[in-house]
Amino acid sequence: MIPGDQSVSGPGEETPEPLKPSGVQVPGPQQPPSRPPPPYPGLLAWPEQALQERFVELGGRAFHARVAREQLLGKGILDYAQMTSLPARLREALPSEIPLLAGTSQRKVESRDGTTKLLLDFPAQGTTRGGGVETVHIPPLGSKRGLGATLCVSTQIGCPVACPFCASGLDGLARNLEAHEILEQFAQGRAIGELRRAVVMGIGEPLLNFENLTSALEHVHNLMGLGARKITVSTVGFPERLKRAARSQPRFQLAISLHTPDDDQHDELIPALRGTSIDEILAAGDDWFEVTGREITYEYVLLGGENDTMGHAERLIRRLAGRRATVNLIPYNTTRGLGYQRPAPEDVEIFATLLTEAGIVAPVRYSRGADGAAACGQLRMIRSGAPCRTIPAT
Ligand code: SAH
């Protein structure tokens, strides 16, 4: 929930009970009046106008509302006391009046390669469960060191797509993240270090929470300067939703998780799209290219012995013939208990070579931070005690 977003909860919803029922007792001189609970769960959840008014009531100026948001998102300052561009009076008043963050950081895991994974908990809403989502800060390696990191963000608590190899959907969907909760992940990531790019490849299916995602990305653009070319959204590619998204002036590049050239295997690997043909998905991808003028990346998780044979590569090449597309090949990050294997390195190489020789750009992308449970949903699983193991990236 962020400025201008009316689709989300307002004052009174999801807030704790007041300390005393109103109208029952008028506080006497010895009894301090009970303080009403904050109407919004965090700074980024406030509508702009209401926030400005509240800042003025607290002794600040209307523009300080924007300053505070810029400090949070643009600089990653997670403590009002450190926001030195705000007047001291306001810095003191804010913590008890307007909680800075809606989520709580439950766990932070740093990997040997510099990747930091955060597990952020967002509260329940009414009868809908809350829970943990993952946000991953991935600094560049080698000569690009110091240029700013890529942030991987989540869009849902859990995932309804239920890909059988992916840890994110094991418990189904708890709820969509609010726009301000998606945005807050950017603040948390910025607090770790500079951001150069973002990928929406964490937990959840972005096209199923599209309004909140686009609302959050608008603020990422305005307050952090990360525009369309710097952000990639990964989806399984619901065709009708993709066509609508293409016409919404999207502020992002598109990646479609394809994982196989065969319809029957696609039904099995991406159950939420059972019955939707790969042709329909590719046609929606072509439509995206025509409408936006931006090329697509296809993602292909290589599952050992399942979709990594030469036959799969050849059929994929035929599927993509005549299309300008990059295929990111992602060797599967093994998750114990799910029954899928990491592919043999030689099979990865043959697959990549066949695609490349057919004129398809096909980089092999190894998951970063594998020693800290890199793949989607794995950090969450560790906390819940579910079995989980990752094989370090090679
Ligand atoms: N729901 C979206 C985005 C989330 S996951 C989508 O499916 O595109 C981002 C990518 O990571 C997807 O391609 C997903 O299939 C892949 N993925 C999930 N679990 C993985 C694992 N254990 N190892 C490698 N890639 C994985």
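Per chain, residue numbering runs from 1 following the sequence as it is written. Restriction of local features to residues with pLDDT of at least 70 applies here, the model being predicted, together with a cutoff of 80 or more for giving and counting side-chain atom pairs; totals for whole chains, interfaces and linings are based on all residues.

### Quick word on the overall build of the protein chain
- A count of helical and extended segments in the protein chain gives eleven helices and eleven strands.
- Each residue is classed by its C-beta neighbour count within 10 Å, where at least 20 other C-beta atoms makes it buried, 12 or fewer makes it exposed, and intermediate counts make it partly exposed; the C-beta atoms are placed from backbone geometry. By the burial criterion, 46% of the 394 residues in the protein chain qualify as buried.
- Residue pairs in contact within the protein chain that sit at least 24 positions apart in sequence constitute 69% of those at least 6 positions apart. What counts as a helix is a DSSP run of H or I of at least four residues, what counts as a strand is a run of E of at least two, and both are numbered from the N terminus. By definition, residues are in contact whenever their C-beta atoms, placed on the basis of the backbone, come within 7 Å of each other.

### What about helix 5 (residues 210–224)?
- One less than the number of residues in a helix, times 1.5 Å, gives the span that helix is expected to have. Counted at 1.5 Å a residue, the expected span for helix 5 with its 15 residues is 21 Å, and the 20 Å between its end C-alpha atoms agrees.
- Buried within helix 5 we find Phe-210, Asn-212, Leu-213, Thr-214, Ser-215, Ala-216, Leu-217, His-219, Val-220, Leu-223 and Met-224.
- Among the structural elements, helix 2 (64–75), strand 6 (173–176), helix 4 (179–192), strand 7 (195–200), strand 8 (231–235) and helix 6 (239–246) are those in contact with the buried residues of helix 5.

### Examining the pairing of strand 3 (residues 131–138)
- Taken across its eight residues, strand 3 has eight buried, putting it largely inside the fold.
- By the bridge criterion, seven bridges tie strand 2 (residues 116–122) to strand 3 in an arrangement that is antiparallel. Looking at the pairing, Leu-120 lines up with Val-133 of strand 3. Two strands pair if DSSP finds at least two bridges between them.

### Focus on the pairing of strand 7
- Here strand 4 (residues 149–152) runs beside strand 7; their pairing, made up of four bridges, is parallel. Within strand 7, the position partnered with Cys-152 by the bridge is Val-199.
- With three bridges joining them, strand 7 and strand 8 adopt parallel strand pairing. Across the sheet, residue Ala-198 finds its bridge partner in strand 8, namely Ile-231.
- Since strand 7 and strand 8 lie parallel, the crossover through helix 5 that links them has a hand, and here it is right-handed. Crossovers are marked right-handed if the path from the first strand over the helix to the second runs clockwise, as seen with the strands pointing away from the viewer.

### Structural notes on the environment of Gly-369
- Within the fold, Gly-369 resides in the loop between helix 10 (345–357) and helix 11 (378–384).
- The buried category is assigned to Gly-369, around which 25 C-beta atoms lie within 10 Å.
- In this structure, the C-alpha to C-alpha distance between Gly-369 and Arg-112, residues 257 residues apart in sequence, is 7.1 Å.

### Quick word on the sheet that holds strand 9 (residues 253–257)
- Ordered in space as 1-2-3-4-7-8-9-10-11, the nine strands form an open sheet in which the pairing is mixed. Either end of the sheet is taken by a strand with one partner, and the two such strands are strand 1 (104–110) and strand 11 (325–331). Each strand of the sheet is rotated relative to its neighbour by a mean of 20°, with strand direction disregarded.
- In the sheet, strand 8 pairs with strand 9 via four bridges, with the strands oriented parallel. Paired with Thr-235 across the bridge in strand 9 is Ile-256. Angles here are taken between N-to-C directions and fall from 0 to 180 degrees, while the axes themselves are lines fitted to C-alpha atoms, restricted in helices to the stretch in contact.

### As for the confidence of the model for the protein chain
- One confidence number per residue, pLDDT, is output by the predictor and ranges from 0 to 100. Confidence in the prediction of the protein chain, expressed as mean pLDDT, is 88, and 85% of residues score 70 or more.
- Counting contacts from residues 1–27, a segment whose pLDDT is below 50, to residues more than four positions away or on other chains yields 41 contacts.
- Under a pLDDT of 50 for its full length, residues 381–394 has, in the predicted model, 36 contacts with residues more than four places off or in other chains.

### A look at the nonpolar core
- Formed by 98 residues in total, the largest nonpolar core has its most connected members in Phe-186, Val-220, Tyr-300, Leu-302, Val-327 and Leu-329.
- Broken down by element, this core gets its largest block of residues, seven residues, from helix 5.
- With residues up to four places along the chain from it excluded, the contact list for Phe-186 reads Leu-73, Leu-151, Val-153, Val-220 and Met-224. Take the buried Ala, Val, Leu, Ile, Met, Phe, Trp, Tyr and Cys residues, join any whose C-beta atoms are within 7 Å, and the set you get is a nonpolar core.

### Concerning the environment of Gly-339
- Note that Gly-339 resides in the loop between strand 11 and helix 10.
- By C-beta crowding, Gly-339 is classed as exposed, having 11 other C-beta atoms within 10 Å.
- Taking the C-alpha atoms as reference points, Gly-339 and Pro-164, separated by 175 residues in sequence, lie 8.7 Å from one another.

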